[in-house]
Amino acid sequence: MSKLFGKRSIKAGLPPGTLMHVGAEKVEKVKITVLDYDEQHFEDKETESIDDCAPFRDKPTVTWINIDGIHQMDIIEKMGSCFGVHPLVLEDIVHTGQRPKIEDFGNYIYVVLKMLYRGNDEGEIEAEQVSMILSESFVITFQEKEGDVFDPIRQRIKQNKGRIRKMGADYLAYSLIDAIVDNYFVVLEKFGEHIESLEEELLTEPASRTLPEIHDLKRGALFLRKSVWPLREVISGLERGESSLFKKSTLIYLRDIYDHTIQIIDTIETSRDLLSGMLDTYLSITSNRMNEVMKVLTIIATIFIPLTFIAGIYGMNFKYMPELESRWAYPGVLLVMLAVGIVMLFYFRRKKWL
Amino acid sequence: MSKLFGKRSIKAGLPPGTLMHVGAEKVEKVKITVLDYDEQHFEDKETESIDDCAPFRDKPTVTWINIDGIHQMDIIEKMGSCFGVHPLVLEDIVHTGQRPKIEDFGNYIYVVLKMLYRGNDEGEIEAEQVSMILSESFVITFQEKEGDVFDPIRQRIKQNKGRIRKMGADYLAYSLIDAIVDNYFVVLEKFGEHIESLEEELLTEPASRTLPEIHDLKRGALFLRKSVWPLREVISGLERGESSLFKKSTLIYLRDIYDHTIQIIDTIETSRDLLSGMLDTYLSITSNRMNEVMKVLTIIATIFIPLTFIAGIYGMNFKYMPELESRWAYPGVLLVMLAVGIVMLFYFRRKKWL
Amino acid sequence: MSKLFGKRSIKAGLPPGTLMHVGAEKVEKVKITVLDYDEQHFEDKETESIDDCAPFRDKPTVTWINIDGIHQMDIIEKMGSCFGVHPLVLEDIVHTGQRPKIEDFGNYIYVVLKMLYRGNDEGEIEAEQVSMILSESFVITFQEKEGDVFDPIRQRIKQNKGRIRKMGADYLAYSLIDAIVDNYFVVLEKFGEHIESLEEELLTEPASRTLPEIHDLKRGALFLRKSVWPLREVISGLERGESSLFKKSTLIYLRDIYDHTIQIIDTIETSRDLLSGMLDTYLSITSNRMNEVMKVLTIIATIFIPLTFIAGIYGMNFKYMPELESRWAYPGVLLVMLAVGIVMLFYFRRKKWL
Amino acid sequence: MSKLFGKRSIKAGLPPGTLMHVGAEKVEKVKITVLDYDEQHFEDKETESIDDCAPFRDKPTVTWINIDGIHQMDIIEKMGSCFGVHPLVLEDIVHTGQRPKIEDFGNYIYVVLKMLYRGNDEGEIEAEQVSMILSESFVITFQEKEGDVFDPIRQRIKQNKGRIRKMGADYLAYSLIDAIVDNYFVVLEKFGEHIESLEEELLTEPASRTLPEIHDLKRGALFLRKSVWPLREVISGLERGESSLFKKSTLIYLRDIYDHTIQIIDTIETSRDLLSGMLDTYLSITSNRMNEVMKVLTIIATIFIPLTFIAGIYGMNFKYMPELESRWAYPGVLLVMLAVGIVMLFYFRRKKWL
Amino acid sequence: MSKLFGKRSIKAGLPPGTLMHVGAEKVEKVKITVLDYDEQHFEDKETESIDDCAPFRDKPTVTWINIDGIHQMDIIEKMGSCFGVHPLVLEDIVHTGQRPKIEDFGNYIYVVLKMLYRGNDEGEIEAEQVSMILSESFVITFQEKEGDVFDPIRQRIKQNKGRIRKMGADYLAYSLIDAIVDNYFVVLEKFGEHIESLEEELLTEPASRTLPEIHDLKRGALFLRKSVWPLREVISGLERGESSLFKKSTLIYLRDIYDHTIQIIDTIETSRDLLSGMLDTYLSITSNRMNEVMKVLTIIATIFIPLTFIAGIYGMNFKYMPELESRWAYPGVLLVMLAVGIVMLFYFRRKKWL
């Protein structure tokens, strides 16, 4: 419902920093997962209370706290006061209508991203808000519901695959963003396949449902665009290396994500171009078919209307119609009719209507 | 009337700084409300004369003077000379055709914004001009008529909710701008709902009033755009922190408004894209329906025109038409007609017109 | 004639700085008016020779020389040599195909603007070129013909209204530009009213002349745009205060003009958007009406063509048509026809064509 | 042939700096003209060998070498080695598919421009490549064929008109570029006249050839745009005064050319806008006319089809049709027919179809 | 398949730097060619193992290693560790979905380009990814399959033609990029010819396959654009001379490529403009033809429908129709019919429908 217009109005009039969950409640119970690791050591913990996370705050090891579910204000608030997060950030975390953005608070960075997935059976694209707080030694992520996009990273940490256990919290943050951006490709490819199969259908046998489908896909592309465009600024903001939280060795990886982002935007723009080209083609095909129909009508009508008129003349009941008496009148009239028909067919052929 | 073109011409030829109210008189009597507060103290006063406001000018407490109604030139002039406001600013305050802008005069900042609301019964969007003068210790706001957008802030000050009583005049100015911008979301969501319900209607059962409605919404989006685009420059001008009147602690809040502004502009652009997509779809649907109609006409006509011609032939009154005498001629002709009809139906089916 | 394409070609091949009047001769005799004033003193003089102006050149008072008519090369040349103006500037002054621009020559600034007015009876917008040379103590203006746009300023100087007599030549230049820009609003509002009345007409009863009128207005908007867009650069060039000829106290007034220019450009862009929206709507309305017409044709034809066919059958003259003998055949056939007609009407109603 | 796509591919695979003429051979024999002058002295010489030019290289006087015809590689090569020109520049000179550009090699500047002219009888616009090498004391120009655009300058030098003999090689280069740019106005005005006459025709009596003409003009505008847009960069590159070869006194003249370039681009963009507006209008007019035709068809058909049906009924040969016997039946039926026709006409009038 | 949307998703979830070939396997066996040369010396070697290349790494001569086929991970990996290439670069080399880009790693530069060629029989344009690693003394190129674009350069080195043997590795890199970019012209010219022949066909005899062809070409232009646009950034990145690997003497050659790139982009944009103009024209032509068809139908129908009605009247079987008895009734009615027909023809002629 109203994916493209959001729901920000219910907060109008409230003082800034007022925590209020805006969005659907996608999960019943908030789930907090803590992962604490360095090269040698690894700890894994599931909890429901922020208090269990506090001890990790000042440890030198990398700590990743993942919170699934953002509708319980007390948990968010406690988390905020425990880790020293600005109230405006907390407000944004629980408000799912954010535009992807990055805010640098010196000792921590706040990043909002959209995670895309194909929601219902018709494969409509939906978005989930993921917030991330990156500090020197910990990363806190907030998701609207449990997801499996971060699972491979969890596995990589657990099994000490790749270089993730050797690197700091900034590399962890990079890995999480990378996982989200990589997931865009999955969604985009399905989207692209949908477009291309529709294009195929369009050129071979356009049906009446082609048009609403193009319309839906255009809407989808609009939604994708709205979700992805700001991403570029976010990643380029990170990549420019203005924050000291990102080490130089990680910046090269961010450049990689930036390339991916550009590619994603490219693909979305290409989709839009394709879709508007498809609409033009659809209109032309429709008008061509209409033309075909009209031509048949014209040919039939223009041939038979004059013939019927001739028949009508000799159907008149005048007393003195000398032709009627003649023995050869009937076959003669039939021949005349035939001749008129043939002349017309030649005319149409010359006009290239046949 | 003429919302998109304004009414500036009547001032052509007058010297700059000439005060002249341009716009509708939306309120009968000018109402001046003064709020004076600091953390401990709070004072609330309603008056009709600027003289009552003068004493507050040099007090160290935060003073908010709100003026509802800008058509009485003497009040504005007195206010200007009392608080040292440049004549060009006064001219802009009473002229409701301003574009949102910000002007920095060193010791005070002049901000013009548009407050949006849904005016008449049909929910057409209208705009009211709000001017704001922010100085070290006071904020003066000018509205065309009494509104309730500022009420929550008045309540927050009165009841000492949030941090507003602890902060200075710049935070008050921020809160007022925030209230205006938050109100945009209310208007935009209604607008978005209107678009989406029309879109629904378009795809299910387009009526003849769909077209003028799309046209009206496009016009509305144009109006919104004209009102909101300059806002970005205004807020970003404030946020860049070039004026010393805004304290650093307030700048982070301005960044928040800036984010909202970007979101609003995003939504308006999305609306425009949606609406022009809707027009395309409308045209296609219309042309599809026409096609349908034409096909039925063609089928009926192309089947019956030749048959009528055959009937016409045997309706001729020639004396020597041997077929007429035959016993099986009539059923034979009927069979021929049936055959012609069936052949044609097959032809249409093969052409996919049925 | 050829408003959008100009007439520059006749000068091809001439050396730069060659004076040659390009444009219509809109006035018979060149008229030179001199106004010389400071706070105490005021002098007013009308002449036909530049020699009378020379004495004012080095006076410390502000001198405004206004020249109506630019087709007499000798006057322009004399003026140029007397006041030390670069030959390229003189060339531009007498060539009415200039684009609004500003050129800073250190000790004087050359400004070209377009003055808009509604020319003929049909209210077509036309442009007149106004050149202005601003120096430390004098302003020289060149108009193609006598106009009344500068009259209010002349009055203000004469009657010592406002601050104009207290300020220098830069303020005079500002006042003149302001008068021209203010006059744009007059033209634009008429233009806007024309658009809105056409829009009204379009949605209520589009006539066949609506289309050429939209086309004309689009052309008009194109012309306005071409005349006004460069203005922004001109004013912003002045406002940025790069020239020392403009005092700081005048710059704030230039900012005011700049705001107006932005507003004018905004309005023109809005007009263009409106007009292209109107064309879309016009096309849709036209196609809707066509649809209506087609539906009526289809309904009439599809109902009566089969009925006529039935009548045709019983109009055949076969000898052995047993139905013809039956007493109830005629009313029976009539009932069948009625039934066929009613079934068809129901079909159309179900298809929503009625 | 293939004006818009060029012919660069035949050089693929050759090492850079390989001289190879690409383009049509527009002249039979290469012609070299040398003009050598300063304020007092003037020398004029026509030759076929570069060797005759070498002595002028190091003379302090201004030397202008003009080469008509660029298809003889040996001449170009000799010229290059004699005047110390980079091989890549030589390659560009003989390859007519260049985009207008400027390259600064320190001691000389290489400029490529397009000279426009109306080629064949139908007035199609064509382009010729003009290369120019400007050094401290000489200017070398390369044209594809002899042209008369530079003639006025040759005359001015010969007759010592204007300031050209008093100025250096940079002023000569400016004069040549100015001659080319001035010539654009000639071409553009013809083009504009063509557009406007077509516009006139479009609104009064659109013919079937209007459409391909609009298409051709759009193609022409595309070609003009492609030739002129890069010119802006070229001139602004020169005007910014980065090269020491242009003296300050000449820069003001370059600014003049820059203004002209902007004006030319403006005009081309206006043409494009006009042309796409004309296509829209053409489509609308076409659809309007169709509408007209359809309405006539509908009116005739809907009036006569039911009437013919009525006649058909009384043409049936049933034995028992009591009406047939009645004396007043025939005039009665005629009256009914008349009534039906009149009712329909009223209906159409109410629907505004008449 | 899916040229416009790529295939990146299968890598989602893998750690960065994981080598995995993405794309079609276009060659069976990887082929490695080594060219080692300086001014005096030249060595040429074909191998299948990277080990054979290692010795060339530290030689001062210029070494060019060309690898055809990128689907064998072990070879790429070995190459990477041998020449010290970053894992992310290796990942990009084997993943054919890259966007053209340049990455500067200080001691080497990584460049990705697209090589275009006309793939199948219908001349559809396809792209192959070419990666290049440029270091102080060697260049490594990776192609998806063996190609002949680099052959001329190989020949030039072997035969010591041009200056290539005298220059360093940077000039070799330039030559290779130049070869790729030059090849674009070949593809673009074929593409342009296709467009122009279709345009010719469109204006002379548009067929039903014209529309899908325009659609295909638009898609092709979209693909070209996607492949070429990023090239500009790549080349301009190189040309700006930020990397010390490119010597100053080579930069001038890069500027030459940059010019070519701009020209290519220009041509693609021109193609897009042409193609969308062609679609408009196609639609107009189609609608014009429809108009023609309709007019014929209307003329035939409006002439004969009333005549048939008249005939119908006198076909009625009323007993008392006095006209039927008259001797001159029949020829009279025929004359009336003739008159009606002629009047109508005049009417149509006046309406300009004939």
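What counts and what doesn't
- Residues numbered from 1 in each chain as written.
- Chains lettered and ligands numbered in written order.
- Predicted model: local features only at pLDDT ≥ 70, side-chain atom pairs only at ≥ 80, totals over all residues.
- Heavy atoms only, no water.
- Least-squares fit on C-alpha atoms with pLDDT ≥ 70 in both.
- Contact = heavy atoms within 4.5 Å.
- Buried < 20%, exposed > 50% of the residue type's maximum accessible area, 1.4 Å probe, protein only.
- Helix = DSSP H or I, 4+ residues; strand = E, 2+ residues; numbered from the N terminus.
- Arc of directions from axis to C-beta.
- Pairing = 2+ DSSP bridges.
- Core = buried A, V, L, I, M, F, W, Y, C linked by side-chain atoms within 4.5 Å.
- Expected span 1.5 Å × (residues − 1).
- Domains from an automatic or database assignment.
- Buried area = accessible area lost by both parts, 1.4 Å probe.
- Salt bridge = Lys/Arg side-chain N within 4 Å of Asp/Glu carboxyl O.
- Phe/Tyr/Trp six-rings, centres within 6.5 Å; stacked < 30°, edge-to-face > 60°.
- Lys NZ or Arg CZ within 6 Å of the ring centre and 35° of its normal.
- Axes fitted to C-alpha atoms, helices over the stretch in contact; angles between N-to-C directions.

1. Details of the relation of the copies chain B and chain A
Here the second copy of the chain follows from the first by a rotation about an axis and a shift along it.
Now for step 1: Under the fitted operation, chain B is carried onto chain A by 0.0 Å of movement along the axis and a turn of 72°, and the coordinates agree to an RMSD of 0.1 Å. Here the two chains are linked by the operation of a five-fold rotation axis. Nearest to the rotation axis, the C-alpha of Gly-315 of chain B is located 4.6 Å from it, this being the minimum over chain B.
Now for step 2: Take the interface residues of chain B: only 14% of them recur as interface residues in chain A, which is what a contact between different surfaces looks like.

2. Observations concerning helix α3 (residues 151-158) of chain D
Residue and element names in this part refer to chain D.
Now for step 1: Residues Ile-153, Arg-154, Arg-156 and Ile-157 constitute the buried set of α3. The buried side chains of α3 occupy one side of the element, clustering within an arc of 160° when seen end-on.
Now for step 2: Elements that come into contact with the buried residues of α3 comprise β1 (31-37), β2 (42-47), β3 (62-68) and α4 (169-204).
Now for step 3: Just downstream of α3 lies Asn-160, where phi reads positive at about 55°.

3. Points about the side chain of Ser-271 of chain C
Now for step 1: Looking at the element boundaries, Ser-271 of chain C is found in helix α6 (residues 248-313).
Now for step 2: Residue classification places Ser-271 of chain C among the buried positions, given a relative accessible area of 0%.
Now for step 3: Dropping the residues within four chain positions of it, Ser-271 of chain C is found in contact with Phe-5 of chain B together with Phe-191 and Ile-195 of chain C.

4. Quick notes on the pairing of strand β4 (residues 101-104) of chain E
Residue and element names in this part refer to chain E.
Now for step 1: Residues of β4 alternate between two faces, with Lys-101 and Glu-103 buried on one and Ile-102 and Asp-104 left unburied on the opposite face.
Now for step 2: Across four bridges, the pairing between β4 and strand β5 (residues 108-118) is antiparallel. Bridged to Ile-102 within β5 is Val-111.
Now for step 3: Linking two consecutive strands that pair antiparallel, namely β4 and β5, is a turn of three residues; a positive phi of about 85° is found at Gly-106 within it.

5. Structural notes on the nonpolar core
As a rule of thumb, nonpolar side chains are buried together in soluble globular proteins.
Now for step 1: Ranked by internal contacts, the top residues of the largest apolar core, which has 485 residues, are Leu-172 of chain A, Leu-172 of chain B, Leu-172 of chain C, Leu-172 of chain D together with Leu-172 of chain E.
Now for step 2: Beyond its immediate sequence surroundings of up to four residues, Leu-172 of chain A is in contact with Tyr-37, Val-62, Trp-64, Val-139, Ile-153, Ile-157 and Ile-164 of chain A.
Now for step 3: Residues Ala-329 of chain A, Val-333 of chain C, Phe-318 of chain D together with Phe-318 of chain E belong to the second largest nonpolar core, which totals 140 residues.

6. Re helix α6 (residues 248-313) of chain A
Now for step 1: Between the first and last C-alpha of α6 of chain A there are 97 Å, a value that for 66 residues agrees with the 98 Å anticipated at 1.5 Å per step.
Now for step 2: Burial runs high along α6 of chain A: 52 of the 66 residues are buried.

7. Here we look at the domain arrangement of chain A
Now for step 1: Its domain assignment divides chain A into domain 1 (9-284) and domain 2 (293-350).
Now for step 2: The distance between the C-alpha centroids of domain 1 of chain A and domain 2 of chain A comes to 75 Å.

8. Details of the interface of chain B and chain A
Often the size quoted for an interface is simply the accessible area lost on bringing the parts together.
Now for step 1: Listed as interface residues are 65 residues of chain B and, on the opposing side, 64 residues of chain A.
Now for step 2: For chain B, the biggest contributors to the area lost against chain A are Phe-309, Phe-318 and Tyr-320 of chain B; these three give 12% of the whole.
Now for step 3: Here Lys-101 of chain A ties to Asp-259 of chain B by a salt bridge, and the two come within 2.6 Å at their closest N and O atoms.
Now for step 4: Ranked by residues supplied to the side of chain B that touches chain A, first place goes to helix α6 (residues 248-313) of chain B with 35 residues.

9. Looking at the packing of aromatic side chains
Now for step 1: All chains considered together, the criterion is met by 50 aromatic pairs over all chains.
Now for step 2: Relative to Tyr-253 of chain B, the ring of Tyr-171 of chain B has its centre 5.3 Å away and its plane inclined at 90°; by these criteria the two rings are edge-to-face. With Tyr-171 of chain B in helix α4 (residues 169-204) and Tyr-253 of chain B in helix α6, this residue pair connects regions lying 82 residues apart in the sequence. When sorted by exposure, Tyr-171 of chain B lands in the same class as Tyr-253 of chain B, which is buried.
Now for step 3: Arranged with centres 5.0 Å apart and planes meeting at 5°, the rings of Phe-105 of chain E and Tyr-108 of chain E form a pair that is stacked. One exposure class covers both Phe-105 of chain E and Tyr-108 of chain E, and it is buried.
Now for step 4: Sitting over the ring of Tyr-320 of chain C, Arg-327 of chain B keeps its end group 4.6 Å from the ring centre.

10. With respect to the sheet that holds strand β4 (residues 101-104) of chain D
All names here are of chain D.
Now for step 1: Read from one edge to the other, the open sheet built from seven strands follows the order β2-β1-β3-β7-β6-β5-β4, with strand pairing classed as mixed. Since the sheet does not close on itself, it has two edges, and those belong to β2 and β4, each with one partner. Across the sheet, the mean angle separating the axes of adjacent strands is 15° when strand polarity is ignored.
Now for step 2: Against the sheet, α3 contacts β1, β2 and β3, and its axis sits at roughly 150° relative to β3.

11. A look at the relation of the copies chain B and chain C
Now for step 1: Superposing chain B onto chain C requires a rotation of 72° together with a translation of 0.0 Å along the rotation axis, leaving an RMSD of 0.1 Å.
Now for step 2: Looking at chain B, a mere 14% of its interface residues are interface residues in chain C too, so the copies touch through different faces.

12. Side note on the pattern of salt bridges
Now for step 1: Summed over all chains, the structure comprises 115 salt bridges over all chains.
Now for step 2: Notably, a salt bridge pairs Asp-266 of chain B with Arg-99 of chain A, separated by 3.3 Å at the nearest N-O pair. Here Asp-266 of chain B, found in helix α6, pairs with Arg-99 of chain A, found in the loop between α2 (87-94) and β4 (101-104), and the two come from separate chains. For the pair Asp-266 of chain B and Arg-99 of chain A, a shared accessibility class is recorded, and that class is buried.

13. Re the environment of Lys-145 of chain D
Residues and elements named next belong to chain D.
Now for step 1: Position of Lys-145 relative to the elements: it lies in the loop between β7 (138-143) and α3.
Now for step 2: Take Lys-145: its relative accessible area is 25%, and that puts it in the partly exposed class.
Now for step 3: Between the C-alpha atoms of Lys-145 and Ile-76, which are 69 residues apart in sequence, the distance is 15 Å.
Now for step 4: Not counting residues within four places of it along the chain, the set of residues in contact with Lys-145 comprises Lys-26, Val-27, Asp-68, Gly-69, Tyr-117 and Glu-128.

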